[in-house]
Amino acid sequence: QVQLVESGGGLVQPGESLRLSCVASGSIASINKMRWYRQGPGKQRALVASITTDGGTDYAEFVEGRFTISKENAKNIMYLQMNSLKPEDTGIYYCNVLAYPVSYWGQGTQVTVSS
């Protein structure tokens, strides 16, 4: 079992930045891949970024160049640095990990970008 807790969301104006954190506990050694998803109002949940245990990263087109996913293995923490935020980035951001063959989800943290 893996437990995930997100934090760092909030209300910001366009162009500002936020850093989200995801703290993992439980069967940490079982994790193969870590991901951030988001779900905007009235939209489907979408993959934002992913990072493998080796540190390889992938990003959705709509955040490429603005967001950075990273992790600190010793602290079991994954981050999502979000720069140049846009109103369309508004949504609930979820931490997700794959501990093959099981996927685990956090409760999410709200990000609101509004002028």
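Residues numbered from 1 in each chain as written. Predicted model: local features only at pLDDT ≥ 70, side-chain atom pairs only at ≥ 80, totals over all residues. Heavy atoms only, no water.

Caption draft 1: Focus on the overall build of the chain. A tally of regular secondary structure across the chain gives 0 helices and 11 strands. What you see in the chain, going N to C, is helices and strands ordered as β-β-β-β-β-β-β-β-β-β-β. Seen through its principal axes, the chain has C-alpha atoms that stretch 40 × 25 × 25 Å. For the chain, the residues scored as buried account for 40% of the 115 residues in total. Within the chain, contacts between residues separated by at least 24 positions form 51% of all contacts whose residues are at least 6 apart in sequence. Taken as a whole, the chain presents about 6,100 Å² of accessible surface, with 48% of it coming from carbon and sulfur. For the chain, the distance from the average site of its 10 positive side-chain charges to the average site of its 9 negative ones is 4 Å. (Helix = DSSP H or I, 4+ residues; strand = E, 2+ residues; numbered from the N terminus. Buried < 20%, exposed > 50% of the residue type's maximum accessible area, 1.4 Å probe, protein only. Contact = heavy atoms within 4.5 Å. Areas by Shrake-Rupley, 256 points an atom, 1.4 Å probe, with all protein chains shown as cover. Lys, Arg positive; Asp, Glu negative; His and termini not counted. Charge placed at Lys NZ, Arg CZ, Asp CG, Glu CD.)

Caption draft 2: Seen up close, the pairing of strand S7 (residues 67-72). Going residue by residue along S7, you find Phe67, Ile69 and Lys71 tucked away on one face and Thr68, Ser70 and Glu72 left uncovered on the opposite face. Pairing analysis gives 6 bridges linking S7 to strand S8 (residues 77-82), with the strands arranged antiparallel. Its bridge partner lying in S8, Ile69 is registered against Leu80. Between the antiparallel neighbours S7 and S8 lie 4 residues, among them Asn76 with a positive phi of about 55°. (Pairing = 2+ DSSP bridges.)

Caption draft 3: Region of interest: the layout of surface pockets. Empty space within the largest pocket amounts to approximately 180 Å³. Along its surface, the largest pocket is lined by 14 residues, and Ile28, Ile31, Met34, Asn73 and Asn76 are the ones closest to its centre. At the level of elements, strand S3 (18-26), S7, S8 and strand S9 (91-99) are the ones that each hand at least two residues to the lining of the largest pocket. Tallied by class, the residues present in the lining of the largest pocket amount to 9 nonpolar, 3 polar and 2 charged. (1 Å grid on protein atoms, 1.4 Å probe; cavity = no way out; pocket = protein on both sides within 12 Å on 5 of 7 lines; lining within 4 Å. Points joined across faces, edges and corners; volume = space filled by probe spheres on them. Nonpolar A, V, L, I, M, F, W, Y, C, P; charged D, E, K, R; others polar.)

Caption draft 4: Quick look at unusual backbone geometry. Cis geometry is found at the peptide bond from Tyr100 to Pro101, where omega equals 5°. Within the secondary structure, Pro101 is located in the loop between S9 and strand S10 (102-105). Non-glycine residue Ser84 carries a positive phi angle of around 50°. Within the element layout of this structure, Ser84 appears in the loop between S8 and S9. Using a relative accessible area of 41% as the deciding quantity, one classes Ser84 as partly exposed.

Caption draft 5: View of the side chain of Arg35. Relative to the helices and strands, Arg35 resides in strand S4 (residues 33-39). An unpaired buried charge is present at Arg35: no salt bridge exists, and Asp58, the closest side chain of opposite charge, is 9.7 Å distant. Look past the residues within four positions of Arg35 in its chain and what remains in contact with it is Leu47, Ala49, Ser50, Met78, Tyr94, Cys95, Asn96, Leu98 and Ser103. (Salt bridge = Lys/Arg side-chain N within 4 Å of Asp/Glu carboxyl O.)

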